[in-house]
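The primary structure of each chain is shown beneath.
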2 protein chains.
Amino acid sequence: MREVAIIGIGQTKVHEHWGLSIRDLAGKAIFAALKDTGRESVEALFVGNMLSGLIDQQNNLGAVIADWIGFKGEAVKIESACSSGASAFRAGIVAVASGEVDSAMVVGVEKMTDAAPTEVTSALATAADSDWELEQGVSFVGLNALVMQRYMHEYGWKHEDFAPFSINSHANAVHNPYARLPFSISTEQYNKAGMVAAPISLLDASSIGDGAAAALIVPLESVRGDKRAVQILGSGAATDTISVHSRKAPLFLQAAYLSAKRTYAQAGMSHEDMDFFDLHDAFSIMSVLSLEACGFAEQGQGPRLGLDNEITPKGGRIPICTRGGLKARGHPVGATGMYQIVESVQQLRGECGETQVDGAKIGMAQNIGGSGASIVTHILKIA
Amino acid sequence: MREVAIIGIGQTKVHEHWGLSIRDLAGKAIFAALKDTGRESVEALFVGNMLSGLIDQQNNLGAVIADWIGFKGEAVKIESACSSGASAFRAGIVAVASGEVDSAMVVGVEKMTDAAPTEVTSALATAADSDWELEQGVSFVGLNALVMQRYMHEYGWKHEDFAPFSINSHANAVHNPYARLPFSISTEQYNKAGMVAAPISLLDASSIGDGAAAALIVPLESVRGDKRAVQILGSGAATDTISVHSRKAPLFLQAAYLSAKRTYAQAGMSHEDMDFFDLHDAFSIMSVLSLEACGFAEQGQGPRLGLDNEITPKGGRIPICTRGGLKARGHPVGATGMYQIVESVQQLRGECGETQVDGAKIGMAQNIGGSGASIVTHILKIA
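Just so we're clear, the structure is a prediction, and the values are computed from it rather than from any experiment.

Cut-off values and rules
- Residues numbered from 1 in each chain as written.
- Chains lettered and ligands numbered in written order.
- Predicted model: local features only at pLDDT ≥ 70, side-chain atom pairs only at ≥ 80, totals over all residues.
- Heavy atoms only, no water.
- Helix = DSSP H or I, 4+ residues; strand = E, 2+ residues; numbered from the N terminus.
- Rg over C-alpha atoms; globule rule 2.2 N^0.38 Å.
- Contact = heavy atoms within 4.5 Å.
- Buried < 20%, exposed > 50% of the residue type's maximum accessible area, 1.4 Å probe, protein only.
- Lys, Arg positive; Asp, Glu negative; His and termini not counted.
- Salt bridge = Lys/Arg side-chain N within 4 Å of Asp/Glu carboxyl O.
- Least-squares fit on C-alpha atoms with pLDDT ≥ 70 in both.
- Pairing = 2+ DSSP bridges.
- Polar contact = N/O pair within 3.5 Å; in protein donor to acceptor, adjacent residues only side chain to side chain.
- Axes fitted to C-alpha atoms, helices over the stretch in contact; angles between N-to-C directions.
- Parallel < 35°, antiparallel > 145°, perpendicular 65-115°, else oblique.
- Left-handed = near helix turned anticlockwise from the far one by under 90°.
- Nonpolar A, V, L, I, M, F, W, Y, C, P; charged D, E, K, R; others polar.
- Phe/Tyr/Trp six-rings, centres within 6.5 Å; stacked < 30°, edge-to-face > 60°.
- Buried area = accessible area lost by both parts, 1.4 Å probe.

Participant: Quick question: what am I supposed to make of the overall build of chain A here?
Facilitator: When its secondary structure is counted, chain A shows 13 helices and 11 strands. Over its C-alpha trace chain A gives a radius of gyration of 19 Å, about what one expects of a compact globule, namely 21 Å for 383 residues. For chain A, the C-alpha atoms occupy an extent of roughly 55 × 45 × 40 Å along the three principal directions. In chain A, the proportion of contacts linking residues at least 24 apart, taken out of those at least 6 apart, comes to 78%.

Participant: Help me understand the side chain of R323(A) in this model?
Facilitator: As for its position among the elements, R323(A) is in the loop between helix 11 (302-307) and helix 12 (325-329). It turns out R323(A) is buried and unbridged, and the closest side chain with the opposite charge, E343(A), is 5.6 Å from it.

Participant: Got a minute to help me understand the relation of the copies chain A and chain B in this structure?
Facilitator: Both copies of the chain are related through a single rotation about an axis accompanied by a shift along the same axis. Least-squares fitting of chain A to chain B yields an RMSD of 0.0 Å, with the transformation described by 0.0 Å of translation along the axis and a rotation of 180°. The symmetry that links the two subunits is that of a two-fold axis. A high fraction, 100%, of the interface residues of chain A reappear at the interface in chain B, so the copies pair face to face through one surface.

Participant: Would you take a moment to explain the pairing of strand 4 (residues 104-110) of chain A for this structure?
Facilitator: Residues in a regular strand point their side chains to alternate faces of the sheet. Residues and elements named next belong to chain A. With 7 of 7 residues buried, strand 4 lies mostly within the body of the structure. Of the two faces of strand 4, the one lined by A104, V106, G108 and E110 and the one lined by M105, V107 and V109 are each fully buried. Where strand 2 (residues 44-48) lies against strand 4, 5 bridges are found, and the strand directions are parallel. Residue G48 lies in a different strand from strand 4, and its bridge partner there is G108. Bridge analysis of strand 4 against strand 7 (residues 211-219) gives 7 bridges, and the strand direction is antiparallel. Within strand 7, the residue paired with G108 across the bridge is A213.

Participant: Honestly, the side chain of E79(A) in this entry has me stumped. Any pointers?
Facilitator: Locating E79(A) in the fold gives a position in strand 3 (residues 74-79). Look at E79(A): it is buried, it has no salt bridge, and the nearest opposite charge is K77(B) at 4.5 Å. Within the structure, E79(A) has its side chain in polar contact with the backbone nitrogen of A81(A) (distance 2.7 Å). Looking at E79(A), its side chain comes within polar contact range of the main-chain nitrogen of N60(B), at 3.0 Å. The contacts of E79(A), once residues within four sequence positions are left out, are N49(A), M50(A), S84(A), N59(B), N60(B), L61(B), V76(B) and K77(B).

Participant: Explanation requested: the environment of F296(A) in the structure shown.
Facilitator: All names here are of chain A. Considering the arrangement of structural elements, one finds F296 in the loop between helix 10 (284-293) and helix 11. By relative accessible area, which is 6% here, F296 ends up buried. With 26 residues separating them along the chain, F296 and S270 place their C-alpha atoms 9.8 Å apart.

Participant: Teacher, can you tell me more about the packing of helix 1 (residues 22-37) of chain B against helix 3 (residues 61-68) of chain B here?
Facilitator: Between two packed helices, both the angle of their axes relative to each other and the distance between the axes serve to describe the pair. Residues and elements named next belong to chain B. Where helix 1 meets helix 3, the axes come as close as 9 Å, and the angle between the chain directions of the two elements is 60°. By the angle between their axes, helix 1 is oblique relative to helix 3. Classified by chirality, the crossing of helix 3 by helix 1 is right-handed. Across the interface between the two elements, I22, R23, D24, A26, G27 and I30 of helix 1 pack against L61, V64, I65 and W68 of helix 3. Across the contact of helix 1 with helix 3, the residue classes break down as 7 nonpolar, 1 polar and 2 charged.

Participant: What should I look at first to understand the packing of aromatic side chains in this one?
Facilitator: Aromatic rings considered in pairs are described by the distance between their centres and by the relative angle of their planes. Per the stated rule, a full pass over the model turns up 10 aromatic pairs over all chains. A centroid spacing of 6.4 Å and a plane angle of 45° characterise the contact between F140(B) and F283(B), whose relative ring orientation is tilted. Remark: F283(B) occurs in the loop between strand 9 (276-278) and helix 10 (284-293) and F140(B) occurs in helix 6 (residues 140-155); sequence separation between them is 143 residues. For F283(B), a relative accessible area of 8% corresponds to the buried category. Joined through ring pairs, the aromatic side chains of Y151(A), Y155(A) and F162(A) make up one cluster.

Participant: For this particular structure, what's the right way to read the pattern of salt bridges?
Facilitator: It is possible for side chains of opposite charge to pair when their charged atoms get near one another. All names here are of chain A. Counted by the stated rule, this structure contains 41 salt bridges over all chains. Residues D210 and K111 are paired through a salt bridge, measuring 3.6 Å at the closest nitrogen-oxygen approach. Linking D210 in the loop between strand 6 (200-201) and strand 7 with K111 in the loop between strand 4 and helix 5 (117-125), this pair joins segments that are 99 residues apart in sequence. Look at D210 and you get buried, because its relative accessible area is 0%. One salt bridge connects E351 with R228, and the closest N-O pair in it is separated by 4.0 Å. Taken as a pair, E351 in the loop between helix 13 (336-349) and strand 10 (362-369) and R228 in the loop between strand 7 and strand 8 (230-239) lie far apart in primary sequence, 123 residues in all. Overall, the relative accessible area of 36% leaves E351 in the partly exposed class. The exposure class of R228 is partly exposed, given its relative accessible area of 33%. Through salt bridges with shared partners, a single ionic network connects D36, R228, R349 and E351.

Participant: What is the right way to look at the interface of chain A and chain B in this model?
Facilitator: It is common to give the size of an interface as the accessible area lost on bringing the parts into contact. Between chain A and chain B, the residue contacts involve 56 residues of the former and 56 residues of the latter. Here chain A meets chain B over a buried area of about 4,100 Å², counting both sides, of which 46% is carbon and sulfur. Counting every contact that joins chain A to chain B gives 10 salt bridges. Of the charged contacts in the structure, one is a salt bridge between D129(A) and R23(B), with a shortest N-O distance of 2.7 Å. Joining chain A to chain B, the criterion identifies 30 residue pairs in polar contact (both at pLDDT 80 or more). Among the secondary structure elements, those contributing two or more residues to the side of chain A that touches chain B are helix 2 (52-56), helix 3 (61-68), strand 3, helix 4 (84-97), strand 8 and helix 9 (254-267) of chain A. Sort the elements by how many residues they give to the side of chain A that touches chain B and strand 3 of chain A lands first, with 6 residues.

Participant: Whenever I open this one, unusual backbone geometry confuses me. Can you help?
Facilitator: Both trends apply: most residues other than glycine have a negative phi, and most peptide bonds are in trans. Cis peptide bonds are those with omega within 30 degrees of zero, and the linkage from A198(A) to P199(A) qualifies with 5°. You can see P199(A) is positioned in the loop between strand 5 (195-197) and strand 6. Of note, the phi angle at A81(A) is positive, near 55°, even though the residue is not glycine. Take A81(A): it is sitting in the loop between strand 3 and helix 4. A81(A) sits in the buried class, given a relative accessible area of 0%. One non-glycine residue with positive phi stands out, namely N309(B), at about 65°.

Participant: Even after reading the chapter, I still don't get the packing of helix 4 (residues 84-97) of chain B against helix 13 (residues 336-349) of chain B, so can you show me in this structure?
Facilitator: All names here are of chain B. Contact geometry for helix 4 and helix 13: axes closest at 5 Å, N-to-C directions at 65°. Across the interface between the two elements, G85, A86 and F89 from helix 4 touch G337, M338 and I341 from helix 13. Taken together, the residues that form the contact of helix 4 with helix 13 break down as 4 nonpolar, 2 polar and no charged.

Participant: Looking at this structure, how should I read the environment of K72(A)?
Facilitator: Here K72(A) lies in the loop between helix 3 and strand 3. Residue K72(A) is classed as partly exposed on the basis of its relative accessible area of 35%. Taking the C-alpha atoms as reference points, K72(A) and T239(A), 167 residues apart in sequence, are found 33 Å from one another. Each residue touching K72(A), except ones within four places of it in the same chain, is listed here: A238(B), T239(B), D240(B), T241(B) and L258(B). Among the polar contacts made by the side chain of K72(A), one reaches the side chain of D240(B) at a distance of 3.4 Å.

Participant: In this structure, what is going on with the environment of H159(B)? I would like to understand it.
Facilitator: Residue and element names in this part refer to chain B. Tracing the backbone shows H159 in the loop between helix 6 and helix 7 (163-173). The class for H159 is buried, based on a relative accessible area of 15%. In this structure the C-alpha to C-alpha distance between H159 and R224, which are 65 residues apart in sequence, comes to 48 Å.

Now the structure itself:
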């Protein structure tokens, strides 16, 4: 397969976009990505989306968005719950790397805020096991709360030890014009936040939203010498049991480990080569588990990275969520994986201002679907 | 890209499978396909499905099915309404052809009959344009009825002229043990059938159902000499406007034309080389429009092929729907594209008994999503 690169990126603010339909949102991100490249056409369109059927009463979203942007080529939707964005990105990579097409536009899009909150909660729960988890009455945040509770019990951490993850994401979002919650929070606020599903508080949980993010993938050889091009060094996906209770080690993200391992092998690198890690902080506990599974911390020691100030963009050993993460940039579920890619490209291009990681040349993005059931990892490098 | 082939196929009967969950159905088809090959593992799983989120309250179906079959690798769902099956098949082809993986299992699966009929009608309508078609109160069958009405008006055909399509599909289904409606119908029955949305009668419309069909794709070089292997000569996808009213020529399936054109070019062939055509007879009018767009008939002359007995497996110029088609094998929407592939393989292997096309060496399958918005075409050849 040939090497591939990202040549254009675009995104909308994550927001309550009540005046924009799902196709409007996707179109805005796609046209922004095209404008970023100076190109006017693409050969294939891959859409990452989870909930358009349930919330927007619209399936066939590939064709809907192709139509909206005036495109008649191949267009499909890829769905793997909250990792739909990265799964679509991976499909775009394979399409271009294989030689099947010479350009692929990938857009992650989700529109969630028109629906009632209970409807959104039910829709999100479809990421878990409908027959064996949801039948018991557990919600998606409830499932993650069980994992966090067990983690605290097993390794002796307190709730307050998770504060740095949320604080870091919020602090970084302040400098991201596309973020949903661009305000900082204090340790005191974190410790006082109301519980959603104990021990997950409002400030441990990411915010849903409406948004779209897009990237154009082309062969690397076609953009040699372009200093804004970002090469894709590795792409790996793996799965784990859909039910958390089926796992022998429910505190270890096996699919994160496997997908990162494949991606490191493709790139010929290890976690030590990463200048930043755009991880999937849907809940604070997921940040911890991702860092551990990908080699940045020993099992049970993830919170230490936060407490030791190692996750911040300025001086941290492994800066995470430098544009706000799911927690504060927001989590428009099927779009999130593409926000991570777009933000990683911004870091590698040196466009992140106050939260720029100095000298960032290589970064990793990881997108998680369900309670760790589908995990997709990418490693990017400034070309 | 390297050449690829299908080495194993599996399917369930299309039926009201009230005792089987969506994962049971998919598992049965996958294990049957593995058994057909003698292999025990795969490297990637692609799931074609349209409605699991809406009807089964289950998203993340790639991970759900991977878990069920005991697989930890890459697994995603591909959705393009009723062409989800062929879109997933195409993703599997590109994954193997590129060298990214050495085997890809593709399963199309849908479970629809547990839901109330009105719920299914609403769910199917999400294949059309939610904002600009459904808002007007039109159903999916209603949209197709408008197209059929216009076609009859424009070219002077009567409703009875469409009878041979339904009669052929039903006659062929009698000999398919996996068919939903394995009984023959007469011209008189066709002409007396009650209207669903005039001029589409009950015997013009395909039947929904529960079912799964799977195929294992591997590199052609790994199965050289295997007389049951079926080579994939061409794969092409295209899109058209999502709304029928946006088309300049609503009686011409532009996306069928484009996707067939690409597929013919890849295979180095034309429609004249096809020994059969497994087309998407969701409604009789769609059979006619597909035949015309793919070169088998002049525009406006498609019904002539049926009236002249050219579509039957024994002696027809271009046999269609030789296992019963959507009309009588049944239309479990996201699975249909994979049923077409499985049935085409059966034809090429010479396993179709009473409906075997004598000497069939090359065949085409075409799967349609929405009212012609997403169309995916494949050409297969006995290796």
